[in-house]
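# Descriptive structure summary
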Amino acid sequence: MTGCILSNKRIAPDIFDLRVNAPGLFVQPGQFANVYLDGTDMLLPRPISVCDYENSVMRLVYRVVGKGTAAMAQLKRNDSLRLVAPLGNAFTTKKGDTQKAKRVLLVGGGLGVSPLLYLAKTFRRAGVEVFGAFGFRSPEWEILRADFKGLIDFDVSYDETEQTISAHKGTVIDLIRETIGNFEMVCACGPVPMLKALTGLSQSAGIPLWVSLEEHMACGVGACLCCPVALKDSAAYKRICADGPVFDASAIIWQ
Ligand SMILES: Cc1cc2nc3c(=O)[nH]c(=O)nc-3n(C[C@H](O)[C@H](O)[C@H](O)COP(=O)(O)OP(=O)(O)OC[C@H]3O[C@@H](n4cnc5c(N)ncnc54)[C@H](O)[C@@H]3O)c2cc1C
Ligand code: FES
């Protein structure tokens, strides 16, 4: 589909919040959009997680890291944007865990908090108690505080900053080490070292953990096999774009 851009604002150093009119989609939390940069020499789409989808407006929060995302940052209100969405699986379709869990912890690292916003809204609508633990490099890199405020209770840690009234110094893993046992399920998105550490922690506590993975992609729709993840119970590699991006963390063979 091709949508009309409503806004594309910088919200942190090199991080932008793009809103595009995208009516008629059935989007589930954890899914992503393939963004096409028409009018450039870039033929491959850029996969970006859906941060939120409400009243036909899709929000994509992205960091400028290369040519494609730099081109996205130039997009203006009323420009057209071609995207294919929603793609991939979702947090909420997993084995009915969502229906059973009454207290869920969302763990996000950096830009990984983005898909957790729509997930938090979906859980809240389903009457699930949701808490957030979010880690950022420093306050200037923190995103989406205003969106989560009033929606869920959450705690924030900053890797590089002395403790403040509203946040802790250290990693997000430090933040939840003592409290993870209070929850029935954990959903997470963020850097691989954070997800690996969280896998160990959740296994020790016996709490199911679902993680959203990211990998370099080309086609983004399951055809080129360039986004593999090895699972313990599977002879063949799975494709992060088509079989994921959400996986049961205990099934992943972490590299
Ligand atoms: C499921 C999924 C969800 C994602 N969600 C977000 C998000 O919400 N916000 C965000 O900022 N980024 C997200 N990413 C990463 C984002 O896709 C890359 O940062 C982006 O494609 C980089 O494109 P580029 O042209 O600027 O960089 P370049 O490095 O110039 O890209 C070159 C090529 O490599 C691919 N590529 C590079 N890095 C990645 C990557 N990490 N993942 C997949 N393909 C990559 C590009 O699509 C392009 O084809 C997500 C990736 C995946 C797989
Ligand atoms: S990116 Fe082509 S199969 Fe995943």
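Residues numbered from 1 in each chain as written. Chains lettered and ligands numbered in written order. Predicted model: local features only at pLDDT ≥ 70, side-chain atom pairs only at ≥ 80, totals over all residues.

Under the domain assignment, the protein chain is made up of domain 1 (2-87) and domain 2 (91-212). Using only C-alpha atoms to locate each centre, domain 1 and domain 2 end up separated by 24 Å. It is strand β4 (residues 46-54) that contributes the most residues to the side of domain 1 that touches domain 2, five residues altogether. Per-class residue counts for the side of domain 1 that touches domain 2 are nine nonpolar, three polar and two charged. (Domains from an automatic or database assignment. Helix = DSSP H or I, 4+ residues; strand = E, 2+ residues; numbered from the N terminus. Nonpolar A, V, L, I, M, F, W, Y, C, P; charged D, E, K, R; others polar.)

Now for unusual backbone geometry. Following Ala-85, the chain continues into Pro-86 via a peptide bond in cis, with omega recorded as -5°. Tracing the chain through its elements places Pro-86 in strand β6 (residues 80-87). One non-glycine residue, Asp-14, lies in the positive phi region at around 65°. Its place among the elements puts Asp-14 in the loop between β1 (2-12) and β2 (15-21). We note that Leu-144 has phi near 65°; this positive angle belongs to a residue other than glycine. By the element assignment, Leu-144 lies in the loop between β8 (129-136) and α4 (145-148). The buried category is assigned to Leu-144, around which 26 C-beta atoms lie within 10 Å. (Buried ≥ 20, exposed ≤ 12 C-beta atoms within 10 Å, placed from the backbone.)

Attention now moves to the sheet that holds β4. Reading around the circumference, β1-β2-β5-β4-β3-β6 is the order of the six strands in this closed barrel, with antiparallel pairing throughout. On average, each strand axis in the sheet is inclined to that of its neighbour by 45°, with strand direction left out of account. Here β1 pairs with β2 via seven bridges, running antiparallel. What sits directly across from Lys-9, in β2, is Asp-17. Along the sheet face, helix α3 (residues 114-125) touches β4 and β5 (57-63) and points at about 30° away from the line of β4. (Pairing = 2+ DSSP bridges. Axes fitted to C-alpha atoms, helices over the stretch in contact; angles between N-to-C directions. Contact = placed C-beta atoms within 7 Å.)

A word on the pairing of β4. Most of β4 sits out of view: eight of its nine residues are buried. When strand β3 (residues 32-36) meets β4, the two strands line up antiparallel, connected through four bridges. Bridge assignment links Phe-32 to a residue of β4, and that residue is Ser-49. One ladder, built from four bridges, connects β4 with β5; its direction is antiparallel. Among the inter-strand pairings, Val-50 is bridged to a residue of β5, identified as Leu-60. Linking β4 back to β5 in an antiparallel pair, the connection comprises two residues, with Asn-55 at a positive phi of about 50°.

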